[in-house]
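# Observations on the model geometry
Here's the letter readout for the chains.
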Amino acid sequence: MINLRQNTITVTAVMCVFGVLAFFASDGFIPRDSHAISAVVQASPGLYDGNLSAKVLSGIRTSFSELNVKLDRLGQNMSTIISELNVELDRLGQSMQAMPLEKEQPHRPAVENTKKQVPASNLWVVRQKHNQYKRELPDWSTMWQDIRIYVYPDSYSIDGPSTQSLGYGFTEQFLYDNIRRVAVKNPDDANLFCMPIHTIKWGNTVNETSIAAMNDYFRKIYTKYPHWEKSVRRGLVNHFFIVAHDHGGNRASGSKFYLDRSILLANSASSCMGQISCEDFTLYGQTPKWYNIGKDVSTVPFPSVWDPKKKQYPVLQNPRPKPKWTAIFIGGYRQRAQSLDLVLSDPRVNEDPKWFIKHDGPSAKKHGFHNDNYWSMLQESKFALHFHGHQPFSSRLFEIIAAGTVPVIISPGYVLPFEDFLDWDTFSISVTGHRISQLYSVLSNITDAQYETLLANVGRISHHFRYNDPPQPGDAFYMTMWTTYFRSQTISVPYVSGAIQEGEATPDYRKNNNR
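Below, the structure is looked at part by part. The structure presented is a predicted model; accordingly, all values stated were derived computationally and were not measured. (Residues numbered from 1 in each chain as written. Predicted model: local features only at pLDDT ≥ 70, side-chain atom pairs only at ≥ 80, totals over all residues. Heavy atoms only, no water.)

Let's shift gears to the nonpolar core. Counting 116 residues, the largest nonpolar core has Phe-218, Phe-241 and Phe-465 as the members making the most contacts within it. Counting residues per element, this core draws most heavily on helix H17 (residues 476–490), at 8 residues. Excluding residues within four positions of it along the chain, Phe-465 makes contact with Val-300, Tyr-313, Phe-398, Ile-401, Pro-417, Phe-418, Leu-422, Trp-424, Phe-427 and Ala-476. (Core = buried A, V, L, I, M, F, W, Y, C linked by side-chain atoms within 4.5 Å. Buried < 20%, exposed > 50% of the residue type's maximum accessible area, 1.4 Å probe, protein only. Helix = DSSP H or I, 4+ residues; strand = E, 2+ residues; numbered from the N terminus. Contact = heavy atoms within 4.5 Å.)

Below you can see the structure in the form of structure tokens.
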């Protein structure tokens, strides 16, 4: 390759010389022979007055003859160089043909994202711009050849892992248990590192003690084992931990050094972090500010319809029943009062018998929270509503998808799971801001053809949001692990002064009070 570059430079220089000479010759600046020289000299006023000696003219002719000889030699050298260059190019072409070509990824135009997104940290260098294009999903049969996870033997919890048979604690424990099933034993073979932190038993207590306790755990992993610091020094972000609810995220937010250098897997995924103002989001409920949209992973919570004894979802009706309802919602009122009141402000919602809104608050045509026919009603409805509650997420969204129904997402700021790979606009409807009060019109304007397309797409992707015990290729567990691996491959933290210097002690936030 060095010889090829040298030859290329030489050829370029020679061609430039020839080009200049040809230009001057073509325009008459350089005569082509000695007779032409004489003619030029004699025809130039003031230059030839009849007294120019034959000796001078002879010298000009001699110089021109020598120039011709040198140009002939240069031409011969150029022919040799071009021949050698052709040989090198032929060899290079044969080598390129022998190389295996990377499978071309089909280009998919980016979906317009109406969420306000501002980089949350100046430490982050995104190798491939977030959400600019969609990645293809892997070959699930060989995925674990690409992903090699090591689980640290040191775990952290209060009162041990969760024993919940359902809910957020079960999600957390389920993920950790199944990560251990596929984990490698030798950390030197790993490209992802799992820090098992069990947070669900901590309740809502967030104070100096609980924040310092989690910071101590991170500090222990960072200093006791070499892998995390080694990764940071290489600019890699390959350590991760799971928090099923916002309790763990609130505690981890007090360990900024470690949180910035790890991937957080959380249900409470919000794009609020880094915003100048989150008023548009918090208007509809609490929104955590510790989730980093460019670094962290939005996870799927276990839905309430999951049967922990049978370890499966309820059976779907086959064939799917004809729609009985246009839209349904069954859930609590207090945590989503703002959005519900906006929807119910349209009198058509209360007057239309095909709109089923059931909650435990005021101003509803039907009251109550539970419904024994919930699963059947989901399948009998064209649309089902997911509202922003105490947090942006709710297991209700994934119950809707599992039932094969088109979800209507009313959750400003919610970072939806697997957005890197799945185009949510093709199987769901997002309604935010002033359009919430116009929901009835929004759904009424969807044509039958558009609805059928949305419904068919929900059927194609619903398995990606379902858990299986044990996990199955392409299900929610596989998708979560692949997304985590994708994050580790597409972001980095440069080893800069803002990170950690050689010989510098890792920060102790109890002493620095830097949260």
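Let's shift gears to empty space enclosed by the protein. Within the structure shown, the criterion is met by 3 cavities of 30 Å³ or more. Considered as a void within the structure, the largest cavity measures approximately 70 Å³ in volume. Lining the largest cavity are 12 residues, and of these Leu-416, Phe-418, Glu-419, Asp-420 and Arg-487 sit closest to its centre. Mapped onto the lining of the largest cavity, the elements with two or more residues apiece are strand E8 (297–298) and H17. Of the residues belonging to the lining of the largest cavity, the class tally is 6 nonpolar, 3 polar and 3 charged. (1 Å grid on protein atoms, 1.4 Å probe; cavity = no way out; pocket = protein on both sides within 12 Å on 5 of 7 lines; lining within 4 Å. Points joined across faces, edges and corners; volume = space filled by probe spheres on them. Nonpolar A, V, L, I, M, F, W, Y, C, P; charged D, E, K, R; others polar.)

Let us now look at helix H16 (residues 448–461). Taking 1.5 Å of rise per residue, 14 residues should cover 20 Å, and H16 covers 20 Å from first to last C-alpha, within 8% of that figure. All buried positions along H16 are accounted for by Tyr-451, Leu-454, Leu-455, Asn-457, Val-458 and Ile-461. Axial view of H16: buried residues confined to an arc of 165 degrees, hence all on one face. In H16, the exposed positions that point more than 90 degrees away from the buried face belong to Asp-448, Ala-449 and Arg-460. Packed against the buried residues of H16 are strand E12 (381–387), helix H14 (395–402), strand E13 (406–410) and strand E14 (429–430). (Expected span 1.5 Å × (residues − 1). Arc of directions from axis to C-beta.)

Attention now moves to the sheet that holds E8. In a beta sheet, neighbouring strands are held together by backbone hydrogen bonds and run either parallel or antiparallel to one another. Read across the sheet, 5 strands follow the order E2-E4-E6-E7-E8 without closing on themselves; strand pairing throughout is parallel. Each edge of the open sheet is held by one strand with a lone partner, namely strand E2 (149–151) and E8. Packing against the sheet, H17 makes contact with E2, strand E4 (192–194), strand E6 (239–243), strand E7 (263–266) and E8, and its axis sits at approximately 155 degrees to E7. (Pairing = 2+ DSSP bridges. Axes fitted to C-alpha atoms, helices over the stretch in contact; angles between N-to-C directions.)

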